[in-house]
Amino acid sequence: MKEVAKTGVLLVNLGTPDSTAVPHVRKYLREFLMDGRVIDIPFLSRWLLVNCIIAPFRAPKSAAEYRKLWTDRGSPLLFHTEDLKDKLVQQLDSKQYHVEMAMRYQTPSIENGLKAMQEAKVKKIIVLPLFPQYASATNGSVIDKVMEVVSSWQVIPSISYIARFMDHPLFLEAWKEIADGAKGDQEYDAYLFSYHGLPERQIQKASCNGYCQLNAKCCATQTSSNQYCYRAQCFYTTRLLADKMGLPADKVHTSFQSRLGKDPWVQPYTEDSIKDLVKNGAKKVLAFSPAFVADCLETTVEVGEEYKEVFEEAGGEQWDLVPCLNSNDTWVDCVKQLVLENS
Ligand SMILES: C=CC1=C(C)c2cc3[nH]c(cc4nc(cc5[nH]c(cc1n2)c(C)c5CCC(=O)O)C(CCC(=O)O)=C4C)c(C)c3C=C
Ligand SMILES: [Fe+2]
Ligand SMILES: [Fe+2]
């Protein structure tokens, strides 16, 4: 019988500590933050900042946050990504596809995922970084790492990268499905779409010929000049999701969370938006985190708990968070379609 070479599919999420022990969290923070695409300053300054300031002081604090999140199955980011992979395997023809899951930082590693594909003698590799909007710090970093690993291979098969997917119809459909479940027939005073932030410097570096001025106008449309501008992609995601869900435009807001350090990060900051919403009379708010496909520290703890406190302290009454896509069946279908469309 003729042997048919398979296509490899590598799903990659960000990464998480191996446990909530402070040394594991420190190790994770070091690997993550020493990535020059994440903290994009010269190597020596980055090394001093990460090893002498951030990792030692932040690790105990982050470990305590991770303890609030951890489950019997470990980190949600990891086990939701494993569940997604297992469901995808069920959906794809095993004679044609070899699926692996990896994390950009810590375990399971991209090196091991790619090694398994090399051993399976795949004819082609499709890399899907699990970040809906392209950023150099996330999707760019995954692509960079994959290229670094295969650069030492004698035979490099054809490789394709899915750079962004926030406008895929099934991605939008999956969010709608989950939001409808969370919302039921309730009406909210406001719908807040909170995305992971980035330093403004990184937005400007990714902007074509200075197109992004970090204002409302330049990020209000998607053009060939700003298709990889993270800020414009986030506003675009909000518009697509709000349209899909039929949310009233005047109740829909976009903001950015998780600022680290003193440099200006992309605005508006979620904390400021929450206070403004309450000031303007919002008592009941539904929050979304569509920069993430799996629940993690940034969604469950930061948006679900910390921003809820900010909201309530400011005078808000009901703060609900829509869960992430995790291993929702329509989301699995979306990943399957992305694979088939790129095969
Ligand atoms: C959209 C995805 C993400 C972008 C863009 C991003 C940029 C970015 N992140 C940091 C610093 C930290 N991020 C942390 C956690 C974290 N970040 C993402 C995603 C994006 N980061 C996820 C999914 C997670 C959660 C992982 C988990 O295990 O649950 C952390 C660690 C937690 C903490 O100590 O707060 C840091 C630090 C920077 C500097 C950055 C900018 C380029
Ligand atoms: Fe982050
Ligand atoms: Fe812009």
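None of the values given here were measured: they were computed from a predicted structure.

What counts as what
- Residues numbered from 1 in each chain as written.
- Chains lettered and ligands numbered in written order.
- Predicted model: local features only at pLDDT ≥ 70, side-chain atom pairs only at ≥ 80, totals over all residues.
- Helix = DSSP H or I, 4+ residues; strand = E, 2+ residues; numbered from the N terminus.
- Rg over C-alpha atoms; globule rule 2.2 N^0.38 Å.
- Buried ≥ 20, exposed ≤ 12 C-beta atoms within 10 Å, placed from the backbone.
- Contact = placed C-beta atoms within 7 Å.
- Pairing = 2+ DSSP bridges.
- Axes fitted to C-alpha atoms, helices over the stretch in contact; angles between N-to-C directions.
- Near = placed C-beta within 6 Å.
- Nonpolar A, V, L, I, M, F, W, Y, C, P; charged D, E, K, R; others polar.
- Domains from an automatic or database assignment.
- Core = buried A, V, L, I, M, F, W, Y, C linked by C-beta atoms within 7 Å.
- Expected span 1.5 Å × (residues − 1).

## Remarks on the overall build of the protein
In step 1: The helix and strand tally for the protein stands at 11 helices and 8 strands.
In step 2: Computed over its C-alpha atoms, the radius of gyration of the protein comes to 20 Å, within 12% of the 20 Å expected for a compact globule of 343 residues.
In step 3: When the backbone C-alpha atoms are referred to their principal axes, the protein occupies close to 70 × 50 × 50 Å.
In step 4: Taken over 343 residues, the protein has a buried fraction of 45%.
In step 5: Summarising the internal contacts of the protein: among those between residues at least 6 apart in sequence, 75% fall at separations of at least 24.

## Things to note about the sheet that holds strand β2 (residues 97–103)
In a beta sheet, neighbouring strands are held together by backbone hydrogen bonds and run either parallel or antiparallel to one another.
In step 1: Strand order across the open sheet formed by 4 strands is β2-β1-β3-β4, with parallel pairing between neighbours. Here the strands that pair on one side only, and so sit at the sheet edges, are β2 and β4 (158–161). With strand direction ignored, the average angle separating the axes of adjacent strands in the sheet is 20°.
In step 2: Direction of pairing for strand β1 (residues 7–13) relative to β2: parallel, over a ladder of 7 bridges. Looking at the pairing, G8 lines up with H98 of β2.
In step 3: Against the sheet, helix α4 (residues 110–119) touches β1, β2 and β3 (124–129), its axis set at about 165° to β2.

## Thoughts on the site of ligand 1
In step 1: Among the 22 residues in the neighbourhood of ligand 1, the closest are listed as T16, S62, A137, C296 and L297.
In step 2: Elements supplying a minimum of two residues to the shell around ligand 1: α2 (43–69), α5 (136–150) and α10 (297–314).
In step 3: Residue classes in the shell around ligand 1 are distributed as 14 nonpolar, 6 polar and 2 charged.
In step 4: Viewed by domain, the shell around ligand 1 spans two of them, domain 1 (7–165 + 329–341) and domain 2 (169–321), each represented by three or more residues.

## What about the nonpolar core?
In step 1: Core analysis: the largest hydrophobic core is formed by 98 residues, its most contacted members being L10, V12, V127, V285 and A287.
In step 2: Domain assignment of the residues forming this core places at least three in each of domain 1 (7–165 + 329–341) and domain 2 (169–321).
In step 3: Discounting residues that sit within four places of it in the chain, L10 has contacts with E100, A102, G113, L114, I125, V127 and L128.

## As for helix α8 (residues 230–245)
In step 1: With 16 residues, α8 should reach 22 Å at 1.5 Å per residue; the first-to-last C-alpha distance of 22 Å fits that figure.
In step 2: Buried residues in α8 make contact with α6 (169–183), β5 (190–196), α7 (200–205) and β6 (252–257).
In step 3: Phi turns positive one or two residues past the end of α8, at G246, with a value near 65°.

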